[in-house]
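Next come the chains, spelled out residue by residue.
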Amino acid sequence: MRKITVLEFITLDGVMQAPGGSKEDTAEGFKYGGWMSPYFEDKVGGQEMAKQMKATDALLLGRKTYDIWAEFWPEHTETWPQVNKITKYVVSKTLKNPTWENTVVIKDTTELKKLKNSDGPDLQVYGSANLVQTLMENDLVDEFWLKIFPITLGTGKRLFEKGTIPAAFTLVYSRISPTGVIFASYKRAGAVKTGSMA
C-alpha cells in the first residue's frame, strides 16, 4: 500500500489558493495570488522545500495543478532533477493525451483507491485543492506536510473544507523560519478521541 502525503502552503486561516503567483489561480475573483513570496525568501524555506522535493518518488496531482506544472517543470529541472522521470498521476476525466513524460491519468475515486492500495512508491500531492478534498473525504491522506504562513486572507480556497472528516494526527516534525513560516508534518493517528477536563 502506498502512503499519500499532502504538501501545502497555507495561511493562518487555511487558505491554500495561488500561493506562488498572481495569475496562478484567480477563480472566484481571488486577488492575493503570490501571497507566500514575501515570507519565503530565507535559507530555511529553500532548505525545507529541497528536502521535500528530494523525497518525491511519485506525484499525484489534480488537473489544474498538473497543467500549470506541465508548462513549467519539464524545462526547469535544475532544482528538481527527478521531476520528469518520476511517475505523475493526474486525476482527470477529460485529459486524453498528456505530453509530459511518465504521466498516468486516473479517472475517478475508484481508480484513486486502487492506486493507493497498489504496490509502488509513495505519492506526494501539491496544490490540487479539489483533489485534496476528495482524498480527505475518502480517508486516503496519511500525512500532511504543511507550510503555515503568518498571514490571513479571509477569502480563497481552503485546505480543510468540504472533504474534511474527523481524524487525529501526530506532529512528527516542525521547524520555524526567520520570517515566521511554520513547517509542520503531521502523521495520521487514528480516530478522534474525546474526554473531559473535569
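Not measured: the values here are computed from a predicted model. Along every chain, residues carry numbers that run from 1 in the direction the sequence is written. Only residues with pLDDT of at least 70 get local features here, since the model is predicted, and only at 80 or more are side-chain atom pairs given and counted; chain-wide, interface and lining totals rely on the full set of residues. Note: side-chain values were computed over all heavy atoms of the structure, leaving out hydrogens and water.

## Some thoughts on the nonpolar core
This is how the line gets drawn: Here, nonpolar core refers to any group of buried Ala, Val, Leu, Ile, Met, Phe, Trp, Tyr and Cys residues whose side-chain atoms link them within 4.5 Å. Throughout this description, buried means an accessible area under 20% of the type-specific maximum (1.4 Å probe, protein chains only), exposed means over 50%, and partly exposed covers the range between. Numbering of helices and strands starts at the N terminus; helices are DSSP runs of H or I of at least 4 residues and strands are runs of E of at least 2. The contact criterion used throughout is that any non-hydrogen atoms of two residues lie within 4.5 Å.
By size, the foremost hydrophobic cluster in this structure holds 29 residues, and its most contacted members are Trp35, Leu59, Trp69, Trp80, Tyr126 and Phe149. Looking at this core, the elements that each hand over two or more residues are strand E1 (4-11), helix H1 (43-54), strand E2 (58-62), helix H2 (63-72) and strand E6 (143-149). It is H1 that provides the largest number of residues to this core, a total of three residues. Sequence-distant contacts of tryptophan 80, defined by excluding residues within four places in its chain, comprise Met53, Thr56, Leu59, Trp69, Trp73 and Tyr126. Leu60, Met136, Leu146 and Ile148 belong to the second largest nonpolar core, which has 23 residues in total.

## Observations regarding the pattern of salt bridges
We count it as follows: Each salt bridge in this description consists of a side-chain nitrogen of Lys or Arg and a carboxyl oxygen of Asp or Glu lying within 4 Å of one another.
Overall, the coordinates contain ten salt bridges when judged by the stated rule. Residue glutamate 48 is joined to lysine 51 by a salt bridge in which the shortest nitrogen-to-oxygen separation is 3.5 Å. On the criterion of helical spacing, the pair formed by glutamate 48 and lysine 51 is a turn pair, its members being three residues apart in helix H1. Linking arginine 188 and aspartate 139 is a salt bridge whose minimum nitrogen-to-oxygen distance equals 2.4 Å. Note that arginine 188 is positioned in strand E8 (residues 182-188) and aspartate 139 in the loop between helix H4 (129-137) and E6, a separation of 49 residues in sequence. A single network of salt bridges, built from pairs that share partners, joins Asp25, Lys64 and Lys157.

## Re the side chain of glutamine 124
To keep it simple, the criterion reads: Here a polar contact is recorded for every N or O atom pair within 3.5 Å, except that within protein the pair must consist of a potential hydrogen donor and a potential acceptor, and residues adjacent in sequence are included only if both atoms are side-chain atoms.
Secondary-structure assignment places glutamine 124 in strand E5 (residues 123-126). Look at glutamine 124 and you get buried, because its relative accessible area is 5%. A polar side-chain atom of glutamine 124 sits 3.4 Å from the main-chain carbonyl oxygen of glutamine 52. Only 2.5 Å separates the side chain of glutamine 124 from the side chain of threonine 56, close enough to count as a polar contact. Those residues in contact with glutamine 124 that sit more than four places away from it in its chain are Thr5, Leu7, Gln52, Ala55, Thr56, Ala58, Leu59, Leu60 and Trp145.

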